[in-house]
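Understanding the architecture of this molecule
The lines below spell out each chain.
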Amino acid sequence: MSFPESSSRPYEECGVFGVWGVPNAAALTALGLHALQHRGQEAAGIVSFDGESFHQHKALGLVGDVFGSQTVIEGLPGEAAIGHNRYGTTGGTHVRNVQPIYADYAFGGLAVAHNGNLTNAATLRQALVKRGCIFHSTMDTEVIVHLIAISLYDTAIDRLMDAAKQIKGAYSLITLTPDNGMMGMRDPLGVRPLVLGRMPGYEKKAGGWILASETCALDIIGADYVRDIEPGEIVVINGDGVTSLWPFGDVGRRFCIFEYIYFARPDSVLEGQSVYEVRTRIGGELARESGVEADIVVPVPDSGVPSAIGYAHESGLPYEMGIVRNHYVGRTFIQPTDQIRNLGVKMKHSANKAVLEGRRVILVDDSIVRGTTSRKIVDMVRAAGAKEVHMRITSPPTKHPCFYGIDTPSEKHLLAARHSLEEMREAINADSLAFISFDGLYRALGHQGRPVANHTNCDACFSGDYPISLVDKEGKLVQW
């Protein structure tokens, strides 16, 4: 995966959503994707099944643009559907890279929606091409589609398990088939999220099941949260109910810690914990670790808001909305000149001068990646009349790239990988700069500190401790 040169934020790859055994499944899926819009804004797609045929619609744009027409929804009939939101990387998104992917196999049709990143995708792809497979996209997901196709097993379930044993990486995926129903799967360490829900009133019926990347997508359609899909679990949902398969055994748990810090919506519950409550606790830990004399606490919207509330509560300082975010700015806005490009941060954030002028300000943000956005925000707050600007970050320094489905730069573009804390402070023009410690972050998750052994979360972007082998990076080849 590559990183947009113009951006200074990490991005999640996508969100997935599936419905089984509910009338107007596509309409519910569109609503679920709308709730997961934060996980991908470049494109969206839905594949439905009406008991006889598959139907699909996918296009570039936001969910409301792609599925805002009643005609489009009516063209996706059936009581089963899966959907996908995509975030595109450098070079732009093409329709051929929009999911779900649908393919016709000897055993029937199958659609796949996938979130995350395979660390051996390039290696597998090379071997598959040598075998004669033809690829139409650049997505990891198509590797899975071809592995299912060449499997010697008979059923879609067995073929999926066969493919699962060959891929490595961090992922959650949903499939839809005529005979085996809807299937959901998480990688063996459960790095990427996937939850199971059910529509009320279906307790004595076969259907009503929902799969989603986050619980906020269950809330929007009125579904009840049932449980998280476990790491390494495959759930098969059909007329017989929900059945679990375990092709990997129990290999541990390393849920992505950055989901709590930034990616997930604050109203979601992940791995049994409220994202909002975790973020407020992170803010409290940060205040205890790196308090400074100041007048107000100001969040960098939106992900910094809960942590700023926690920081303000712990420090006893007033919480103020000193920065206002414009929610209606698209990331595809054309910036033709350096002058306009340098004003880009003001398109998304505006300083509230009445709050900031003459104040000593603590700015709370989730991360510093390249540092360019942080510098612009600090300068904007100073220009509004702030007397001092102290930056507090709710994650440890981002020193390493992510290979597990979060789009981050290479190490040479990561500010924390190349500079000391003091050099970073100077680079962003803050009066002081502090990051939460590893122990403080894990205390906010309910631990005594960062576990020495038996880690419960993946924090590779901060620690460099990669729990899943980086096959493509290491250049290992696959031979069939």
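For the structure, check the block above.
Report follows, based on the coordinates. (Residues numbered from 1 in each chain as written. Predicted model: local features only at pLDDT ≥ 70, side-chain atom pairs only at ≥ 80, totals over all residues. Heavy atoms only, no water.)

A few points about the side chain of S290
- Here S290 shows up in helix 9 (residues 275-290).
- A polar contact of 2.9 Å, which involves the side chain of S290, links it to the backbone oxygen of L286.
- Those residues in contact with S290 that sit more than four places away from it in its chain are Y311, R392 and A434. (Helix = DSSP H or I, 4+ residues; strand = E, 2+ residues; numbered from the N terminus. Polar contact = N/O pair within 3.5 Å; in protein donor to acceptor, adjacent residues only side chain to side chain. Contact = heavy atoms within 4.5 Å.)

Overview of the packing of helix 4 (residues 121-131) against helix 5 (residues 140-150)
- In the contact formed by helix 4 and helix 5, the axes pass within 10 Å of each other and the chain directions differ by 45°. When the axis of helix 4 is compared with that of helix 5, the two are oblique. Regarding helix 4 and helix 5, the two cross each other, and that crossing is left-handed. Only D140, V143, H146, L147 and I150 of helix 5 make contact with helix 4, whose side of the interface consists of A121, L124, R125, L128 and R131.
- Partitioned by chemical class, the residues of the contact of helix 4 with helix 5 number six nonpolar, one polar and three charged. (Axes fitted to C-alpha atoms, helices over the stretch in contact; angles between N-to-C directions. Parallel < 35°, antiparallel > 145°, perpendicular 65-115°, else oblique. Left-handed = near helix turned anticlockwise from the far one by under 90°. Nonpolar A, V, L, I, M, F, W, Y, C, P; charged D, E, K, R; others polar.)

Examining the environment of V378
- Here V378 is to be found in helix 14 (residues 372-383).
- Along the sequence, V378 and A430 sit 52 residues apart, while their C-alpha atoms lie 6.5 Å from each other.
- Once residues lying within four places of it in the same chain are set aside, the contact partners of V378 are L363, V389, M391, I428, N429 and A430.

Let's talk about the nonpolar core
- Among the nonpolar cores identified, the biggest contains 40 residues, and F258, I261, V297 and Y404 are the most heavily contacted of them.
- Looking at this core, the elements that each hand over two or more residues are strand 15 (255-256), helix 8 (258-263), helix 9, helix 10 (305-315), strand 21 (360-365), helix 17 (438-444) and helix 18 (460-463).
- Setting aside residues no more than four positions away along its own chain, I261 makes contact with R279, I282, S303, D366, T394, S395, L441 and F462. (Core = buried A, V, L, I, M, F, W, Y, C linked by side-chain atoms within 4.5 Å. Buried < 20%, exposed > 50% of the residue type's maximum accessible area, 1.4 Å probe, protein only.)

Focus on the pattern of salt bridges
- In this structure the tally under the stated criterion is 21 salt bridges.
- In this structure, the salt-bridge partner of E214 is R39, at a minimum N-O distance of 2.6 Å. In this pair, E214 sits in the loop between strand 11 (209-212) and helix 7 (216-220) while R39 sits in the loop between helix 1 (25-35) and strand 3 (43-49), placing the two residues 175 residues apart along the sequence. R39 carries the same exposure label as E214, and that label is buried.
- A salt bridge links E285 to R288; the nearest nitrogen and oxygen atoms lie 3.2 Å apart. Placement of the pair is E285 and R288 together in helix 9, with a separation of three residues, close to one helical turn.
- Accessibility expressed as a relative area gives 11% for E285, which makes it buried.
- Where salt bridges share partners, they join E285, R288, E289, E314 and R443 into one cluster. (Salt bridge = Lys/Arg side-chain N within 4 Å of Asp/Glu carboxyl O.)

Some words on the sheet that holds strand 7 (residues 108-118)
- Spatially, six strands are ordered 6-7-8-9-13-14 in an open sheet, and the strand pairing comes out antiparallel. Strand pairing shows two members of the sheet lacking a second neighbour, strand 6 (101-105) and strand 14 (241-245), which therefore form its edges. On average, adjacent strands in this sheet sit at an angle of 20° to one another, irrespective of strand direction.
- Where strand 7 meets strand 8 (residues 169-177), eight bridges bridge the pair, whose relative direction is antiparallel. In the sheet register, V112 faces strand 8, and the bridge partner there is T175. (Pairing = 2+ DSSP bridges.)

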